[in-house]
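Examination of the molecular architecture
The residues making up each chain are set out below.
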Amino acid sequence: MSLLVVGLSHRTAPVGVLERAALTGDVPTRLLHDAAATATVAEAALLNTCNRIELYADVDKFHAGVAELSLLLAHHSGVDLEELTSHLYVHYEDRAVHHLFSVACGLDSMVVGEGQILGQLRDALAKAQEEHTAGRGLNELFQQALRVGKRAHSETGIDKAGQSLVTFGLEQVAAGAGEIAGKRALVVGAGSMSSLAAATLVRSGVTDLLIANRTPARAERLVEILGPDVARTVDLAKVPEVLADVDLVISCTGAAGVVIRAEDVAAAVASHTAAQPLALLDLAMPRDVDHAVHELPGALLVDLESLSHAHAATPGAGDVDQVTRIVADEVSAFGAAQRAARIAPTVVALRAMASDVVAAELGRLDSRLPDLDERSRAEITQTVRRVVDKLLHAPTVRVKQLAAEPGGASYAEALRELFDLDPAAVHAVSGTPVGGTPQPSAGGSR
């Protein structure tokens, strides 16, 4: 497997670019299929969150893979390739694995250590499996990334260092608009992030909560979970009207355009009687709240851009170094296991060839000594097999050890050349044709 990652995130692109590049509707699915259909790609997966878009692919050519995936990202995001390229990052082989494991641990998140990324990675893998674009390679890689992420959270205090975007956002709101407890709040949206926001508000002491969503049934289900004594639904079309009746708004929808306009916020502020400003926390990408709200007196807008600046000023977590070491160890172990797995078919093919040679020679012995008694034949058979096993033991054990080291693939090639192994026999063991393209596995592939 030759892993390639091409993507952009809050670390390489300003919020304005991320907002324009945001993939919504059926665009992520079409991008995933187009990536898997390119000539250089055997498997593909897409990690698409509010602050990152990353294509993971098993490629047979590095430069061609980078060019094709970059072009696809530009085409499906609608951002000009020349502009997008300046914000893209590329990782390959072990560096790509290191990046994915770091993402899984929350080291690459806007809020370091946040745990939501594990669910997003799980969703990315499930989507690739559902669309049959991920095969055995990406399945194993993403499953290992999820295990590494869980290990980081269970063995270190990274959870204490990091928070969810919701929690961190509410801290920024509280700093500018007073304590969350007792506020009247409105949550726009009923997806995973909005549901987390609503639950966090209730835990923070909000007892009067409105939920508005494009699909009323989803809003009603969220109210049932939170409790009708705390939450109730409101028609999405009435959001401009109820802005004046709340102290805090959290919005996170999948809408392509602005959901809360500046003029509606201005009108709400004009009739707002509370001493604190009307606070709006926008966690959507592209943004839900008009950027012009930043300039309105009496309103406090906290969005992904301001969260990014705020988190950059916070001190680093004490456990980040420990998690970084975990990632490094796991990347090394994963790479060694992958390299060892690559030589396994060659070793199996070598032993199969040796077994065929033994069988042929024993058959020849039978034809030349047909009167040989069964006891003698059994002893000769065992002796010949023991000799072959002893001759092969040391080189096969050693080649597995060498193959686990960086650059170990050359040892498998040397073994094939030295013993003149049939390439078709080697690929038959690994389940791939001589051309090298993986066959569909139980997990699905293109």
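Numbering of residues starts from 1 in every chain and runs along the sequence as written. With the structure being a predicted model, the display of local features is reserved for residues of pLDDT at least 70 and the display and counting of side-chain atom pairs for 80 or more, all residues being used for whole-chain, interface and lining totals. Calculated side-chain values reflect all of the structure's heavy atoms, with hydrogen atoms and water omitted.

Section: the overall build of the protein chain
A helix here means a DSSP run of H or I that spans at least four residues, while a strand means a run of E at least two residues long, and both kinds are numbered starting from the N terminus. Per the secondary structure count, the protein chain includes 18 helices and ten strands. Burial status follows relative accessibility: with a 1.4 Å probe on protein chains alone, a residue under 20% of its type maximum counts as buried, one over 50% as exposed, and anything between as partly exposed. When each of the 446 residues of the protein chain is scored for burial, the buried share is 47%. Whether two residues touch is decided by their heavy atoms; if any such pair falls within 4.5 Å, the residues are in contact. Long-range contacts, defined here as pairs at least 24 residues apart, represent 71% of the contacts in the protein chain between residues at least 6 apart. Note on areas: these come from Shrake-Rupley sampling with a 1.4 Å probe, and a residue is covered only by the protein chains present in the view. Surface accessibility of the protein chain: about 21000 Å² in total, with carbon and sulfur atoms responsible for 54%.

Focus: the sheet that holds strand β3 (residues 52–59)
At least two DSSP bridges between two strands are needed for those strands to be called paired. If you walk across this open sheet you meet the four strands as β2-β3-β1-β4, and the pairing is antiparallel. Taken across any chain shown, the strands that pair with only one partner, and hence form the sheet edges, are β2 (41–49) and β4 (89–92). When the angles between neighbouring strand axes are averaged without regard to direction, this sheet yields 15°. As judged from the four bridges shared by strand β1 (residues 3–9) and β4, these two strands associate in the antiparallel manner. Residue pairing in the sheet places Gly7 in a bridge with Tyr89 of β4. Most of the contacts of helix α3 (residues 62–77) go to β1, to which it runs at about 35°, and overall it touches β1, β2, β3 and β4. Packing against the sheet, helix α7 (residues 136–155) makes contact with β1, β2 and β3, and its axis sits at approximately 35° to β2. Note on geometry: axes are C-alpha line fits, over the in-contact stretch for helices, and angles between N-to-C directions span 0 to 180 degrees.

Some words on the confidence of the model for the protein chain
Averaged over every residue, the pLDDT of the protein chain is 87; the share at 70 or more is 90%. Values of pLDDT, ranging from 0 to 100, describe the predictor's confidence in every residue of the model. By mean pLDDT, the top-scoring element of the protein chain is helix α2 (residues 27–36) (97), and the lowest-scoring one is helix α18 (residues 423–430) (59). Below pLDDT 50 for its whole length, residues 432–446 participates in 31 contacts with residues either more than four positions away or in separate chains.

Let's talk about the pairing of strand β6 (residues 208–212)
On any regular strand, side chains alternate: one points to one face of the sheet, the next to the other face. Taking burial as the measure, the five residues of β6 include four buried ones, the bulk of the element. Pairing of strand β5 (residues 184–188) with β6, which is carried by five bridges, proceeds in the parallel orientation. Bridge assignment links Leu186 to a residue of β6, and that residue is Leu210. With its strands directed away from the observer, a crossover is right-handed exactly when the path from the first strand over the helix to the second travels clockwise. Each parallel crossover has a hand, and the one from β5 via helix α10 (residues 192–203) to β6 is right-handed. As defined by bridge partners, β6 adjoins strand β7 (residues 231–233) across three bridges and the pair is classed as parallel. Looking at β7, one finds that Ile211 is bridged to Thr233.

Points about α3
With 16 residues, α3 ought to run about 22 Å at 1.5 Å a step, and its terminal C-alpha atoms sit 22 Å apart, in line with that. Every buried residue of α3 is listed here: Gly65, Val66, Leu69, Ser70, Leu72, Leu73, Ala74, His76 and Ser77. Positive phi appears at Gly78, one or two residues downstream of α3, with a value of about 85°. To estimate the expected span of a helix, count its residues, drop one, and scale the result by 1.5 Å.

Some points on the environment of Ala104
Structurally, the position occupied by Ala104 is in helix α5 (residues 94–105). Ala104 sits in the buried class, given a relative accessible area of 0%. In contact with Ala104, other than residues within four places in its own chain, are Ile117, Leu118, Leu121, Ala145 and Gly149.

Side note on the packing of helix α9 (residues 165–177) against α10
Interaxial distance between α9 and α10 falls to 9 Å at its minimum, and their mutual angle equals 50°. What the angle tells us is that α9 and α10 run oblique. Handedness of the crossing formed by α9 with α10: right-handed. In this structure, α9 contributes Leu165, Val166, Thr167 and Leu170 to the contact, and α10 contributes Met193, Leu196, Ala197, Thr200 and Leu201. Residue classes follow a fixed rule: Ala, Val, Leu, Ile, Met, Phe, Trp, Tyr, Cys and Pro count as nonpolar, while Asp, Glu, Lys and Arg count as charged, and any other residue, Gly among them, counts as polar. Across the contact of α9 with α10, the residue classes tally to seven nonpolar, two polar and no charged. Between 65 and 115 degrees an angle is taken as roughly perpendicular, under 35 as roughly parallel, over 145 as roughly antiparallel, and anywhere else as oblique. Crossings are sorted by hand: turned counterclockwise from the far helix by less than a right angle, the near helix makes the crossing left-handed, and turned clockwise it makes it right-handed.

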